[in-house]
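Residues per chain are reported as follows:
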Amino acid sequence: MSSENSIQRPFSGPNKPTFSCQKCGITVGFKKNLYAHMRKFHPEEDVVISNNQVCGLCKETFHTIVNLHEHLQKKHEVKLNFSSETFYSEDFLKWKEKIELESRSSFFLRNTSQKVGVKFSYYVCHRSGYSNPKLNRARHMKASGSVRCGCTCPAVINVSTHTVEEVKEITIQYQSAHVGHELEVGKLHLSETEKSSLASSLCLGIPMATILDKTREEYSHTKRFGLTTRKDLHNICRDKQIAK
């Protein structure tokens, strides 16, 4: 959807704003319903999410990630890297873990939608967005600060999954360039493989201090594993239901 076709706000009467879909013309009473309609009936148009897309270079806002991509390329001359891949079965998850490791980044599932037998999944950079701490929160803020970078990172993975005779064909559209934050290993989460390895050690009854000493020996500036904390181990015990 181009910037010229941005969401309009016609009024059907006094103090009664409505929101119109630029693709099919349907009108709804709430913006959240318009976003839900776009995700369900026009997922091929764009990844539409509730918050504005904020440029990390000038703070200008956009309705869609595609508009942000166009802005970064035209106004800031940022080189974005688009690619396509096709996978079968669970090969997509292996590829995702590989590119996350190589790029020192991480992507989380933002939303999904379904249309005519095809499932659409949208993954965004885990640094993207704002941190909104509650005023009366019981837990203290992290000493290292929030993972969120305060803007919209343009790195995304759009996934289309089509199942035929129990075989999954997975097509991805990947934009790999990150903007608005550094690729900091300390801001990453442990991978599932790393968590499984640590869980095995915990199940064997190895003391946490010994496990942490071992991870320090494997420190690498490109991997999160060497920065494992006691909090990480407690979280693994909680999630895997391992007795401490």
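Note that the coordinates shown come from a computational prediction; the quantities given were computed from them, not determined experimentally. (Residues numbered from 1 in each chain as written. Predicted model: local features only at pLDDT ≥ 70, side-chain atom pairs only at ≥ 80, totals over all residues. Heavy atoms only, no water.)

A.B. asks: Would you take a moment to explain the overall build of the chain for this structure?
C.D. replies: Helix and strand counts for the chain come out as six helices and nine strands. For the chain, the proportion of its 244 residues judged to be buried stands at 39%. A separation threshold of at least 6 residues defines the contact pool for the chain, and within that pool the share at least 24 residues apart is 50%. Carbon and sulfur atoms form 51% of the exposed surface of the chain, whose accessible area is close to 15,000 Å². (Helix = DSSP H or I, 4+ residues; strand = E, 2+ residues; numbered from the N terminus. Buried < 20%, exposed > 50% of the residue type's maximum accessible area, 1.4 Å probe, protein only. Contact = heavy atoms within 4.5 Å. Areas by Shrake-Rupley, 256 points an atom, 1.4 Å probe, with all protein chains shown as cover.)

A.B. asks: I keep staring at the environment of Arg224 and nothing clicks. Help me out?
C.D. replies: If you trace the backbone, Arg224 turns up in the loop between helix H5 (208–217) and helix H6 (230–240). Judged by its relative accessible area of 11%, Arg224 is buried. Here the alpha-carbon distance between Arg224 and Glu184, two residues 40 residues apart in the chain, equals 9.2 Å. Not counting residues within four places of it along the chain, the set of residues in contact with Arg224 comprises Val185, Gly186, Leu188, His189, Leu190 and Asp232. Here Asp232 takes part through its side chain, which lies 3.0 Å from a polar atom of the side chain of Arg224. (Polar contact = N/O pair within 3.5 Å; in protein donor to acceptor, adjacent residues only side chain to side chain.)

A.B. asks: Looking at this structure, how should I read the pattern of salt bridges?
C.D. replies: Charged atoms that come close allow side chains of opposite charge to pair. In this structure the tally under the stated criterion is seven salt bridges. Salt-bridge contacts for Lys214 lead to Glu217; the nearest nitrogen and oxygen are separated by 3.9 Å. One end of the pair, Lys214, and the other, Glu217, are both in helix H5, three residues apart, so they sit about a helical turn from each other. Taking the relative accessible area as the measure of exposure, Glu217 reaches 63% and is therefore exposed. For Asp232, the salt bridge goes to Arg224, with nearest N and O atoms at 3.0 Å. Side by side, Asp232 and Arg224 carry an identical accessibility label, which is buried. (Salt bridge = Lys/Arg side-chain N within 4 Å of Asp/Glu carboxyl O.)

A.B. asks: Would you take a moment to explain the packing of aromatic side chains for this structure?
C.D. replies: Ring pairs (aromatic) are described by centroid distance and by the angle formed between their planes. Applying the stated criterion across every chain, the model contains six aromatic pairs. Through a chain of ring-to-ring contacts, the aromatic side chains of Phe87, Phe92, Trp95, Phe107, Tyr123 and Tyr174 assemble into a single cluster. (Phe/Tyr/Trp six-rings, centres within 6.5 Å; stacked < 30°, edge-to-face > 60°.)

A.B. asks: For this particular structure, what's the right way to read the state of the cysteines?
C.D. replies: Chemically, a disulfide is nothing more than a covalent bond linking the sulfur atoms of two cysteines. Within this structure, the stated rule accounts for zero disulfides. We note that Cys58 lacks a disulfide partner, and the nearest cysteine sulfur, in Cys55, lies 3.7 Å from it. Cys203 forms no disulfide, and the closest cysteine sulfur to it belongs to Cys237, at a distance of 8.1 Å. (Disulfide = S-S within 2.5 Å.)

A.B. asks: For this particular structure, what's the right way to read the sheet that holds strand E5 (residues 82–88)?
C.D. replies: Adjacent strands of a sheet pair through backbone hydrogen bonds, lying either parallel or antiparallel. Pairing within the open sheet is antiparallel, and its five strands lie in the order E5-E9-E8-E7-E6. Each edge of the sheet is formed by a strand with only one pairing partner; in this case those strands are E5 and strand E6 (107–115). Each strand axis lies, on average, 20 degrees off the axis of its neighbour in the sheet, ignoring direction. Examined bridge by bridge, strand E7 (residues 118–125) and strand E8 (residues 156–164) share seven bridges and lie antiparallel to one another. Paired with Ser121 across the two strands is Val159, which belongs to E8. (Pairing = 2+ DSSP bridges. Axes fitted to C-alpha atoms, helices over the stretch in contact; angles between N-to-C directions.)

A.B. asks: I'm lost on the nonpolar core in this one. Help?
C.D. replies: Membership of the largest hydrophobic core comes to 14 residues, with the highest contact counts inside it found for Phe92, Trp95, Phe107, Ile157, Val159, Ile172 and Tyr174. Broken down by secondary-structure element, the contributors of at least two residues to this core are helix H3 (91–103), E7, E8 and strand E9 (167–175). Apart from the residues within four sequence positions on either side, Phe92 is in contact with Phe87, Tyr123, Ile157, Val159, Ile170 and Ile172. Core analysis: the second largest hydrophobic core is formed by 12 residues, Leu212, Phe225, Cys237 and Ile242 among them. (Core = buried A, V, L, I, M, F, W, Y, C linked by side-chain atoms within 4.5 Å.)

A.B. asks: Which parts of the structure should I look at to understand the packing of H5 against H6?
C.D. replies: When two helices pack together, you describe them by how their axes are tilted relative to each other and by the distance separating the axes. For the pair H5 and H6, the least separation of the axes is 10 Å and the interaxial angle reads 120 degrees. Here H5 lies oblique to H6, going by the angle between them. H6 is crossed by H5, and the crossing has right-handed handedness. On H6, the residues touching Met208, Ala209, Ile211 and Leu212 of H5 are Arg230, Leu233, His234 and Cys237. Partitioned by chemical class, the residues of the contact of H5 with H6 number six nonpolar, one polar and one charged. (Parallel < 35°, antiparallel > 145°, perpendicular 65-115°, else oblique. Left-handed = near helix turned anticlockwise from the far one by under 90°. Nonpolar A, V, L, I, M, F, W, Y, C, P; charged D, E, K, R; others polar.)

A.B. asks: Hey, could you run me through the pairing of E6 in this one?
C.D. replies: As a general feature of sheets, a regular strand has side chains that alternate between the two faces. Of the strand pairs in this sheet, E6 and E7 are connected by eight bridges, and their pairing is antiparallel. Looking at E7, one finds that Phe108 is bridged to Val124. Linking E6 back to E7 in an antiparallel pair, the connection comprises two residues, with Val116 at a positive phi of about 45 degrees.

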